[in-house]
Amino acid sequence: MLVSPKDVYHTLRQLRSLAEVERESFEFTSLSPSERAWYWRRGFLSRSAVLYDFETYGHEDYLTDYQRYVRTRGINGRFGYALDNKLMLYGLLSGFSDRLPDLHGIISDGTFRSISMAGERGPTRSAIRWAEDLDAGETVVVKWVIGGGGHSVLLLTRTDDGYRINGERVSRGDLRERFEGMDDYIVTGFSEQADYADAFYSESTNTVRAVTMWDVERDEPFLARAIHRIGTSSTKPMDNWSQGALGALIDPETGKLGEAVTYPENGERTWRTSHPDTGARVAGVEIPDWEAIREGLLDVADSVPYLPYVGWDLVVTDEGEFEIIEANNYPGVKSLQVHGPLCADERVERFYREHGVR
């Protein structure tokens, strides 16, 4: 098989990313050099010794860090760029506009350009003038058009007497300065979460991360794994698991949540049945009408068979209803595999083998 210079370039880039994460892992774990070497030989970063339960499951059924960073990147091929770009996602899923937050426009260099799914366009004007016209109490999401993981995401709220960003009051001048420093940020509506999710912790939007894969034999997508992320006082208003949010495994058949786990600190995973800030029960809670949500997501995935591998971020908005706030071409797996190895599922193992990952 011929390997193009482009393939070599991207492989080297991913190996560099892997090395950078490993450098961070040295502070994350207290392994001896020989112990680290054991994990490296098997394709794992040092942090995996804490993240994953090798004592219970062994190591063979885990997707390794090498496989994730280097080999999964190209599964969707050229089509994956449509997932990397949040604006292109709206065109990609135009047939499912009811599954997406409202699209308002783009902010770049202090200018707001109005756009919509319907092709309608309002006036182009300064971003601060646009913000002044938001309704009091209205919240919109402002995020960089490229990138994921909750980085560069702002929740902008118009208040009776000014503005708040991620809950913090900002002056008009500060907001204008922020807008002037933005380069291609997309503006969407804010997805209001369902009551059950709000009850966990109301100061963050608590999302579902669901990974779909394509079953070649059946010629249809399937749900490989889903977790419910729940923000905490250390992550609000986001629910980034690596920053301290909870992650609870979702039973794919019933929608029932298992025990929630936080990103390991001091070399240990912490499992919880309830939220550490609110005391709200997490383990055992069922997502209302989960079957409709699961099947609705599979309908969306079925519409893009040329994207066999997608990490979807959903906000459950009501019983059986959801909105897709992001789709990931290159989904991370640590928050998924902390609950057990992905490749213990034969469909998942077969999928990765078919795409040259395993």
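This write-up is about the structure you can find in this document. Owing to the predicted nature of the structure, the values given are computational and were not obtained by experimental measurement. (Residues numbered from 1 in each chain as written. Predicted model: local features only at pLDDT ≥ 70, side-chain atom pairs only at ≥ 80, totals over all residues. Heavy atoms only, no water.)

### Notes on the overall build of the protein
For step 1, the next point in the chain: Counting its regular elements, the protein contains 13 helices and 15 strands.
For step 2, the next point in the chain: In summary, the protein has a C-alpha radius of gyration of 21 Å against a globular reference of 21 Å for 358 residues, a match within 12%.
For step 3, the next point in the chain: Out of the 358 residues in the protein, the part that is buried amounts to 50%.
For step 4, the next point in the chain: Taking the intrachain contacts of the protein between residues at least 6 apart in sequence as the baseline, contacts between residues at least 24 apart amount to 59%. (Helix = DSSP H or I, 4+ residues; strand = E, 2+ residues; numbered from the N terminus. Rg over C-alpha atoms; globule rule 2.2 N^0.38 Å. Buried < 20%, exposed > 50% of the residue type's maximum accessible area, 1.4 Å probe, protein only. Contact = heavy atoms within 4.5 Å.)

### A word on the sheet that holds strand S14 (residues 309-318)
For step 1, the next point in the chain: Reading across the sheet, the 7 strands line up as S13-S12-S11-S10-S9-S14-S15 and stay open at both edges, with antiparallel pairing between neighbours. The open sheet has two edge strands, strand S13 (268-272) and strand S15 (321-328), and neither has a second partner. Going from strand to strand, the sheet's axes swing by 30° on average, the running direction of each strand aside.
For step 2, the next point in the chain: As paired strands, S14 and S15 are joined by 7 bridges and run antiparallel to one another. Among the inter-strand pairings, Trp312 is bridged to a residue of S15, identified as Ala327.
For step 3, the next point in the chain: Contacting strand S9 (208-215), strand S10 (220-230), strand S11 (246-250), S14 and S15, helix H11 (residues 290-302) crosses the sheet at an angle of about 125° to S10. (Pairing = 2+ DSSP bridges. Axes fitted to C-alpha atoms, helices over the stretch in contact; angles between N-to-C directions.)

### Let's talk about the pattern of salt bridges
For step 1, the next point in the chain: Under the defined criterion, the tally for this structure stands at 16 salt bridges.
For step 2, the next point in the chain: Across the pair Glu253 and Arg294 runs a salt bridge whose closest N-O atoms are separated by 3.9 Å. Here Arg294 lies in helix H11 and Glu253 lies in the loop between S11 and strand S12 (257-265), a separation of 41 residues in the sequence.
For step 3, the next point in the chain: Arg294 gets classed as buried once you look at its relative accessible area, which sits at 13%. (Salt bridge = Lys/Arg side-chain N within 4 Å of Asp/Glu carboxyl O.)

### Some points on the environment of Thr270
For step 1, the next point in the chain: You can see Thr270 is positioned in strand S13.
For step 2, the next point in the chain: Residues Thr270 and Leu246, spaced 24 residues apart in sequence, show a C-alpha to C-alpha distance of 9.6 Å.
For step 3, the next point in the chain: Once residues lying within four places of it in the same chain are set aside, the contact partners of Thr270 are Ala260, Val261 and Thr262.

### Overview of the sheet that holds strand S5 (residues 153-159)
For step 1, the next point in the chain: Strand order in this open sheet of 8 strands is S3-S2-S1-S8-S4-S5-S6-S7, and the pairing throughout is antiparallel. Every interior strand has two partners, whereas the edge strands, strand S3 (125-126) and strand S7 (168-170), have only one.
For step 2, the next point in the chain: Where S5 meets strand S6 (residues 162-165), 4 bridges bridge the pair, whose relative direction is antiparallel. Across the sheet, Leu156 pairs through a bridge with Ile165, a residue of S6.
For step 3, the next point in the chain: Packing against the sheet, helix H9 (residues 172-180) makes contact with strand S1 (103-108), S5, S6 and S7, and its axis sits at approximately 55° to S6.

### With respect to a negative patch on the surface
For step 1, the next point in the chain: Together, Glu192, Asp195, Asp198, Asp289, Glu291, Asp318 and Glu319 make up a negatively charged patch on the protein surface.
For step 2, the next point in the chain: Considering the arrangement of structural elements, one finds Glu192 in the loop between strand S8 (185-189) and helix H10 (195-200). (Patch = residues over 30% accessible without salt bridge, like charges linked within 9 Å, V, L, I, M, F, W, Y side chains within 5 Å. Areas by Shrake-Rupley, 256 points an atom, 1.4 Å probe, with all protein chains shown as cover. Lys, Arg positive; Asp, Glu negative; His and termini not counted. Charge placed at Lys NZ, Arg CZ, Asp CG, Glu CD.)

### Section: unusual backbone geometry
A negative phi angle characterises most non-glycine residues, just as the trans form characterises most peptide bonds.
For step 1, the next point in the chain: Here Lys236 and Pro237 are connected by a cis peptide whose omega angle stands at 5°.
For step 2, the next point in the chain: Assignment of secondary structure puts Pro237 in the loop between S10 and S11.
For step 3, the next point in the chain: Look at Asn166: it is not a glycine, yet its phi comes out positive at around 50°.
For step 4, the next point in the chain: As for its position among the elements, Asn166 is in the loop between S6 and S7.
For step 5, the next point in the chain: The class for Asn166 is partly exposed, based on a relative accessible area of 26%.
For step 6, the next point in the chain: Notably, Asp289 is not glycine yet its phi reads approximately 55°, a positive angle.
For step 7, the next point in the chain: Considering the arrangement of structural elements, one finds Asp289 in the loop between S13 and H11.
For step 8, the next point in the chain: Of the residues examined, Asp289 reaches a relative accessible area of 42% and is grouped as partly exposed.

### Focus on the pairing of S1
For step 1, the next point in the chain: Counting buried residues in S1 gives 5 out of 6 residues, a clear majority hidden from the surface.
For step 2, the next point in the chain: Relative to S8, S1 is paired through 4 bridges, and the arrangement is antiparallel. Its bridge partner lying in S8, Ile107 is registered against Tyr185.
For step 3, the next point in the chain: For S1 and strand S2 (residues 111-114), the ladder comprises 4 bridges, and the chain directions are antiparallel. Paired with Ile106 across the strands is Arg113, a residue of S2.
For step 4, the next point in the chain: Connecting S1 to the next strand, S2, in antiparallel fashion are 2 residues, including Asp109 with a positive phi near 55°.

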